[in-house]
Amino acid sequence: MSRADWTRPALFRVDPFPTSGVVQLDGPEGRHAADVRRVQPGEVILLGDGAGTRARAEVTAVAKGRVTAEVLETRTDPPSGRPLVLAQALAKGDRGELAVETATEAGIDAVIPWRAERCVTRWDDGPRGAKQLGRWRSTVTEAAKQARRAWNPEVTEPMTTNQLARRIRSTTCLLLEATAEVSMADVALGDQGEIVLLVGPEGGVTDGETATLVDAGALPVRLGPDVLRTSTAAVVALGALGVRTGRWEV
């Protein structure tokens, strides 16, 4: 099979995952396949569990909100090289969701919502905060489907700066900062271990937060000569890391 066979067809999430035989898509995935994508009998689609396993399946019947397909073959993909983690500061409006959406499409493996001091948006610990976290998780799931990814990135519970400092110890951690002396192009990444990207809020990371994170092992780096929004910094950094770590050579 060619690469196109596993990247061109539309991908739909299924649970439990079928390894053979006939599968029926209903609920939100069935409605999306039948009523939005308008798949047709004879068309090949992809099915995935979000945990590395996908299948090619041929559509055999379509009804309103429901698709029936027969599994042709399955494959399980290992995680893609060195783990890449994004600690993304909470952002107002839809900028946070845009950040995690594009980072997912660019290959991030996990997302940590960061409660930085200068975040305008505040996620509480009650139902409202859970709803906002759910929106990030839903955004990541949909972006992974759009990118035909075998793996869904994990979105953790939100962390404060002190919690994040404990999390990044023993990792290669890059704090994106437009005024940093070191360029991303010049950073020594090593050849193993987790790489964590820290993207602060629109108002920037405070001096105290920077000191805490640097003490925990973070290295402030700049991406280029211009200042990027919190919603775009991660995807630009991931493009650079995709080349430097060899992840984009697959």
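Notes on the structure in this doc start here. Note that the structure is predicted; figures quoted are calculated from it, not measured. (Residues numbered from 1 in each chain as written. Predicted model: local features only at pLDDT ≥ 70, side-chain atom pairs only at ≥ 80, totals over all residues. Heavy atoms only, no water.)

## Structural notes on the overall build of the chain
Here's step 1: Helix and strand counts for the chain come out as six helices and 12 strands.
Here's step 2: Relative to the globule expectation of 18 Å for 250 residues, the C-alpha radius of gyration of the chain, 20 Å, shows essentially globular dimensions.
Here's step 3: Structurally, the chain occupies a C-alpha span of about 60 × 40 × 30 Å along its principal axes.
Here's step 4: In the chain, the proportion of contacts linking residues at least 24 apart, taken out of those at least 6 apart, comes to 73%.
Here's step 5: A total accessible area of about 12,600 Å² is found for the chain, and carbon and sulfur atoms account for 48% of it.
Here's step 6: Distance between charge centroids for the chain: 3 Å, based on 31 positive and 33 negative side chains. (Helix = DSSP H or I, 4+ residues; strand = E, 2+ residues; numbered from the N terminus. Rg over C-alpha atoms; globule rule 2.2 N^0.38 Å. Contact = heavy atoms within 4.5 Å. Areas by Shrake-Rupley, 256 points an atom, 1.4 Å probe, with all protein chains shown as cover. Lys, Arg positive; Asp, Glu negative; His and termini not counted. Charge placed at Lys NZ, Arg CZ, Asp CG, Glu CD.)

## As for helix α2 (residues 95-105)
Here's step 1: Turning to α2, its buried residues are G96, E97, A99, V100, T102, A103 and T104.
Here's step 2: Check the buried side of α2 and you find it contacts β6 (84-89), β7 (110-115), α3 (127-146) and α6 (233-244). (Buried < 20%, exposed > 50% of the residue type's maximum accessible area, 1.4 Å probe, protein only.)

## With respect to the packing of aromatic side chains
Here's step 1: Considering all chains together, one arrives at one aromatic pair under this definition.
Here's step 2: Relative to W136, the ring of W123 has its centre 5.0 Å away and its plane inclined at 80°; by these criteria the two rings are edge-to-face. You can see W123 sitting in the loop between β7 and α3 and its partner W136 sitting in helix α3, a full 13 residues away along the chain.
Here's step 3: A relative accessible area of 4% places W136 in the buried class.
Here's step 4: When the ring centre of W6 is taken as origin, the NZ or CZ atom of R75, which lies over that ring, is 5.0 Å away. (Phe/Tyr/Trp six-rings, centres within 6.5 Å; stacked < 30°, edge-to-face > 60°. Lys NZ or Arg CZ within 6 Å of the ring centre and 35° of its normal.)

## A closer look at the packing of helix α4 (residues 161-168) against helix α5 (residues 207-215)
The description of two packed helices rests on the angle between their axes and on the distance between the axes.
Here's step 1: Direction vectors running N to C along α4 and α5 enclose 20°, while the axes themselves pass 8 Å from each other. Comparing their axes, α5 and α4 come out roughly parallel. The handedness of the crossing between α4 and α5 comes out as right-handed. When α4 is examined against α5, the residues T161, N162, L164, A165 and I168 are found in contact with a partner set consisting of E209, T212 and L213.
Here's step 2: Here the residues of the contact of α4 with α5 are counted per class, giving four nonpolar, three polar and one charged. (Axes fitted to C-alpha atoms, helices over the stretch in contact; angles between N-to-C directions. Parallel < 35°, antiparallel > 145°, perpendicular 65-115°, else oblique. Left-handed = near helix turned anticlockwise from the far one by under 90°. Nonpolar A, V, L, I, M, F, W, Y, C, P; charged D, E, K, R; others polar.)

## Structural notes on the layout of surface pockets
Remark: the empty space left among the atoms is shown by a probe the size of a water molecule rolled over them.
Here's step 1: Taken as a whole, the second largest pocket encloses approximately 330 Å³ of empty space.
Here's step 2: Looking at the second largest pocket, it is lined by 19 residues, and the ones nearest its centre are L176, E177, A178, V227 and L228.
Here's step 3: In terms of residue class, the lining of the second largest pocket is made up of 10 nonpolar, four polar and five charged. (1 Å grid on protein atoms, 1.4 Å probe; cavity = no way out; pocket = protein on both sides within 12 Å on 5 of 7 lines; lining within 4 Å. Points joined across faces, edges and corners; volume = space filled by probe spheres on them.)

## Some words on the nonpolar core
Here's step 1: In this structure, W114, L164, I168, L197, L198 and L213 are the most contacted members of the largest nonpolar core, which totals 47 residues.
Here's step 2: Counting 17 residues, the second-largest nonpolar core is a separate cluster that includes A10, V39, I45 and V71. (Core = buried A, V, L, I, M, F, W, Y, C linked by side-chain atoms within 4.5 Å.)

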